[in-house]
Amino acid sequence: MKKHDITRLVIAVSALALTGLLMLTAKKANAWFFSFYTALSIGIEGTLSKITGIFPFSVFELLCLIGLVALIVNLILAIKRKRIMKWATALFMTVCLLVLGFTFTWGLNHLGPEITERLGMEVGQYTVEQLEETTRFFMTQAGEAASVLPQNEDGTTAFSSFKDLAREASDGYKTLENEGFEVFGGSDAKPKALASGKLFSYTGTTGIFIFLTGESNVNPDAYIASIPFTMCHELAHRKAVAQEEGANFCAFLACSASKNPEFNYSGFYEAFIYCYNSLYKAAPDKALALWDDASPRLYADITAGNRHYRKYDGKVKEAAQSVNDAYLKAYGETQGVQSYGAVTDSLIAWYLAQ
């Protein structure tokens, strides 16, 4: 092994060690540490989002394309010049440095206080009856919100274009900030559409936040009724809300606070789905009985949404979910991908507090 190969390995191992040290520090840290770190994270990602916001496309996707081409070209050259070790150590070092950068600028937010704690909310354990009552409330609100929106010929709800929705995605957060919720401050850069959306659909990905560019990317191929909610979810990540259930709850709050009825409906639509799924697990008979009372519009949208996502089921999606599950658990979300459903408790607490 040549000297420069050893140097790259030393840098890579050092980066991993520093990453581990940062995570260990965060796990034992107090509230002061996270008040500082969260502000730092919001500042860094906000600045990056303003820079990349100049471009109408996802800079993340462009970087991925450039990186992939560079990776393949350098591999071919390494094989021809018999420098595979140089290529491998350079790749390993780059990955380790990216992991360190991710952890330092944003990743530690996974280990910080949950958004409900930062908002001063108390979330406890709830009865099936309280879950059923909350689910019915969101079902009713979703039906009422849908009634003011235009309807497609197939009975589903008609929405504005992705571009128009993106322009108003931050409005709900601005309203919440003006009401005194400072945790929702930060950059108002618009979410961006993923040009490779269909590819992401096969992995079950409806949106992705990128620490390297500060971009909140949303899959435009997701079912349209979910897109406003997903936009707010990815914007929550840029506001240093890393936990998935927390970002979902923030998305609901932003949608319900928005002056745009499309966002109102999307928020109640998603809140109903989360609560209904939890109710179905706890008491299937109650869930099915409640579903019979759903409005025709809500029924049409959920049916169409299920049909839309079903066509992307397969091994690729299962593999991607496994990777995502491992990532979430590595950064302290012990429920892994199941934490996407843990938002139910926060929604019940919100409803009972109204």
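Scroll up to find the structure this text is about.
Residues numbered from 1 in each chain as written. Predicted model: local features only at pLDDT ≥ 70, side-chain atom pairs only at ≥ 80, totals over all residues. Heavy atoms only, no water.

Student: Can you help me understand helix 3 (residues 59-80) in this one?
Tutor: Given 3.6 residues per turn, any residue in an α-helix points the same way as the ones three and four places further on. Taking 1.5 Å as the rise per residue, helix 3 with 22 residues should run 32 Å; its terminal C-alpha atoms sit 32 Å apart, in good agreement. Within the sequence span of helix 3, burial applies to V59, F60, E61 and A78. Where helix 3 is buried, its residues contact helix 2 (31-52), helix 4 (84-105), strand 1 (192-193), helix 9 (197-201), strand 2 (207-210) and strand 3 (215-218). Positive backbone phi, approximately 55°, marks K82, located one or two places after helix 3. (Helix = DSSP H or I, 4+ residues; strand = E, 2+ residues; numbered from the N terminus. Expected span 1.5 Å × (residues − 1). Buried < 20%, exposed > 50% of the residue type's maximum accessible area, 1.4 Å probe, protein only. Contact = heavy atoms within 4.5 Å.)

Student: I'm lost on a nonpolar patch on the surface in this one. Help?
Tutor: Together, I54, F55, F57, L62, L63, L65, I66, V69, V73, L77, L98 and L212 make up an exposed nonpolar region whose accessible area comes to about 1,100 Å². The element best represented in the nonpolar patch is helix 3, accounting for seven residues. Looking at the secondary structure, you find I54 in the loop between helix 2 and helix 3. In this structure I54 comes out as exposed when scored by relative accessible area, which is 64%. (Patch = residues over 30% accessible without salt bridge, like charges linked within 9 Å, V, L, I, M, F, W, Y side chains within 5 Å. Areas by Shrake-Rupley, 256 points an atom, 1.4 Å probe, with all protein chains shown as cover. Salt bridge = Lys/Arg side-chain N within 4 Å of Asp/Glu carboxyl O.)

Student: Help me understand the packing of aromatic side chains in this model?
Tutor: Within a pair of aromatic rings, the relevant descriptors are the distance that separates the centres and the angle that separates the planes. For the structure on display, the rule yields 25 aromatic pairs. Ring plane angle 20° and centroid distance 6.0 Å describe the contact between F138 and W350, whose orientation is recorded as stacked. With F138 in helix 6 (residues 128-146) and W350 in helix 16 (residues 343-353), this pair connects stretches of sequence that are 212 residues apart. Neither F138 nor W350 differs from the other in exposure class; each is buried. Plain terms: the ring middles of F272 and W291 are 6.0 Å apart, the flat faces sit at 15° to each other, and that makes the pair stacked. One end of the pair, F272, is in helix 12 (residues 261-282); the other, W291, is in helix 13 (residues 284-291), with 19 residues separating them in the sequence. An identical accessibility class is assigned to F272 and W291; each is buried. Taken together, the ring pairs in this structure connect F137, F138, F252, F268, W350 and Y351 into an aromatic cluster. Lying across the ring of Y173, K239 places its NZ or CZ 5.1 Å from the centre. (Phe/Tyr/Trp six-rings, centres within 6.5 Å; stacked < 30°, edge-to-face > 60°. Lys NZ or Arg CZ within 6 Å of the ring centre and 35° of its normal.)

Student: Looking at this model, I keep getting lost on the pairing of strand 3. Mind explaining?
Tutor: Each regular strand shows side chains that alternate between the opposite faces of the sheet. Alternating positions in strand 3 separate into two faces, E215 and N217 on one and S216 and V218 on the other, with burial throughout. Sheet topology note: the strand 1/strand 3 ladder contains two bridges and is parallel. In the sheet register, A193 faces strand 3, and the bridge partner there is V218. In this structure, strand 2 lies alongside strand 3, joined through four bridges in antiparallel fashion. What sits directly across from G207, in strand 3, is V218. Between strand 2 and strand 3, which pair antiparallel and follow one another directly, the connecting turn spans four residues, one of which, G214, has a positive phi of 70°. (Pairing = 2+ DSSP bridges.)

Student: Got a minute to help me understand the sheet that holds strand 1 in this structure?
Tutor: Strand-to-strand pairing in sheets goes through backbone hydrogen bonds, with the strands running parallel or antiparallel. Taken in spatial order, the three strands of this open sheet run 1-3-2, and their pairing is mixed. With partners counted over all chains shown, the strands left at the sheet margins are strand 1 and strand 2, one partner each. Across the sheet, helix 3 is in contact with strand 1, strand 2 and strand 3; its angle to strand 3 comes to roughly 85°. Sheet strands touched by helix 10 (residues 227-238): strand 2 and strand 3. Its angle to strand 3, the strand with the most contacts, is close to 155°. (Axes fitted to C-alpha atoms, helices over the stretch in contact; angles between N-to-C directions.)

Student: Is there a simple way to think about the environment of A271 in this case?
Tutor: Tracing the chain through its elements places A271 in helix 12. Put simply, A271 and K50 are 221 residues apart on the chain and 30 Å apart in space, counted from C-alpha to C-alpha. Excluding residues that lie within four positions of it along the chain, A271 makes contacts with F138, F252 and L347.

Student: Would you mind going over the pattern of salt bridges with me for this structure?
Tutor: Two side chains carrying opposite charge are able to pair once their charged atoms lie near each other. Applying the stated criterion across every chain, the model contains six salt bridges. A salt bridge links D164 to R167, with the shortest nitrogen-to-oxygen separation between them at 2.2 Å. Of this pair, D164 and R167 both sit in helix 7 (residues 162-167), separated by three residues, roughly a single helical turn. Notably, a salt bridge pairs K192 with E215, separated by 2.8 Å at the nearest N-O pair. Here K192 is found in strand 1, whereas its partner E215 is found in strand 3, with 23 residues between them in sequence. The exposure class of K192 is buried, given its relative accessible area of 7%.

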